[in-house]
Amino acid sequence: MQAKKQEYLDQKLDLSLEESISLWIDSEHPIDAEQLDSPYGRQLWDSYHLIGDVLRSEELAIEPSELFYARVSKAIDEEPTVFAPNATKPPVWRRWSMSLAVVGAAVLLTFLMVQPESVTEEAPVLASADDLWADYIDAHRAMTGVGPASYVSYMGN
């Protein structure tokens, strides 16, 4: 795992000062003292060490002063209050009318689907053959017979 980190760090040469100091404190990269030779670099070094010390022991944590608490309270009090508008509800009659319309449509649809259709008995219509087809139909009837299925062997002229 350490080899992968070192390989990654060797490839990434343009680290920010914050990233570099964090890596130096964690002993994951060799320290470059020239970058710490600035007020900002020294402040970051001290801050990151303080963060590490506090994470390891709460006894080293600095207790904020009463002035700090007062400034935070004042800043919170001065924040603007954001009021969310109330949701507008449709009038009661509209909600009830929509509900009744849906129920009415469901009842009407049920009656239409369940109501049986009136069936009028009509005499079956028999196919009538023209004179043109009469010979063909007679020949067909003679070949097939009266039963539902028959085997026909036809030998033409």
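Structure's up top.
Calculation criteria
Residue indices follow the written sequence of each chain, beginning from 1 at its first position. The predicted origin of the model limits local features to residues at a pLDDT of at least 70 and limits the giving and counting of side-chain atom pairs to 80 or more, whereas totals for whole chains, interfaces and linings rest on all residues. Only hydrogens and water are removed before side-chain values are computed, so all heavy atoms of the structure are retained for them. We count a stretch as a helix when DSSP gives it H or I for four or more residues in a row; a strand needs E for two or more, and each element gets its number in order from the N terminus. Here's how the labels work: a residue is buried when its accessible area is under 20% of the maximum for its type, exposed when over 50%, partly exposed in between, all with a 1.4 Å probe on protein chains only. By the convention used here, residues are in contact when the closest approach between their heavy atoms is within 4.5 Å. Each nonpolar core is a collection of buried residues, namely Ala, Val, Leu, Ile, Met, Phe, Trp, Tyr and Cys, held together in the definition by side-chain atoms within 4.5 Å. Here, a salt bridge means any Lys or Arg side-chain nitrogen found within 4 Å of an Asp or Glu carboxyl oxygen. In this analysis an axis means a line fitted to C-alpha atoms, helices contributing only their contacting stretch, and an angle means the value between N-to-C directions, from 0 to 180 degrees. The cut-offs work like this: below 35 degrees is roughly parallel, past 145 is roughly antiparallel, 65 to 115 is roughly perpendicular, and the gaps in between are oblique. The handedness criterion is simple: a crossing whose near helix is rotated anticlockwise from the far helix by less than a right angle is left-handed, and one whose near helix is rotated clockwise is right-handed. Residues are grouped as follows: Ala, Val, Leu, Ile, Met, Phe, Trp, Tyr, Cys and Pro are nonpolar; Asp, Glu, Lys and Arg are charged; all remaining types, including Gly, are polar. This arc describes the spread of directions from the helix axis toward the C-beta atoms.

Caption draft 1: Quick peek at the overall build of the protein chain. The secondary structure content of the protein chain amounts to six helices and zero strands. Ordering the α and β elements of the protein chain from the N terminus gives α-α-α-α-α-α. Buried positions account for 8% of the 157 residues belonging to the protein chain. Of the contacts formed within the protein chain by residues at least 6 apart in sequence, a portion of 18% connects residues at least 24 apart.

Caption draft 2: Focus on the nonpolar core. Listed in full, the five residues of the largest apolar core are Ile21, Trp24, Leu36, Leu44 and Trp45. Secondary structure elements with two or more residues in this core: α2 (17–25) and α3 (39–56). With sequence-adjacent residues up to four places away left out, Trp45 is seen in contact with Ile21, Trp24, Ile25, Ile31 and Leu36.

Caption draft 3: Spatial organisation of unusual backbone geometry. In this structure, Ser27 is a non-glycine residue whose phi angle is positive, near 60°. Here Ser27 lies in the loop between α2 and α3.

Caption draft 4: Representation of the pattern of salt bridges. Taken as a whole and judged by the stated rule, the model has three salt bridges. With its nearest N and O atoms 3.9 Å apart, the salt bridge here joins Glu78 to Lys74. One end of the pair is Glu78 and the other is Lys74, both in helix α4 (residues 66–78) and four residues apart, which spans about a single turn. The same class applies to Glu78 as to Lys74, namely exposed.

Caption draft 5: Structural detail: the environment of Asp26. Relative to the elements of secondary structure, Asp26 occurs in the loop between α2 and α3. The exposure class of Asp26 is partly exposed, given its relative accessible area of 47%. Spatially, the C-alpha atom of Asp26 lies 9.5 Å from that of Gly52, the residues being 26 residues apart in sequence.

Caption draft 6: Representation of the packing of α2 against α3 in the model. Interaxial distance between α2 and α3 falls to 10 Å at its minimum, and their mutual angle equals 45°. Here α3 runs oblique to α2, going by the angle between their axes. Along this stretch, α2 crosses α3, giving a crossing that reads as right-handed. Along the contact surface, α2 presents Leu17, Glu18, Ile21, Ser22, Trp24 and Ile25, while α3 presents Tyr40, Gly41, Leu44, Trp45, Tyr48 and His49. Of the residues assigned to the contact of α2 with α3, the class counts are eight nonpolar, three polar and one charged.

Caption draft 7: Looking closely at α2. Three or more residues of α2 are buried, namely Ser20, Ile21, Leu23 and Trp24. Down the axis of α2, the sector holding all buried residues measures 160°, keeping them to one side. Residue Ser27 follows α2 closely and has a positive phi angle near 60°.

That's the geometry; what it means functionally is another story.
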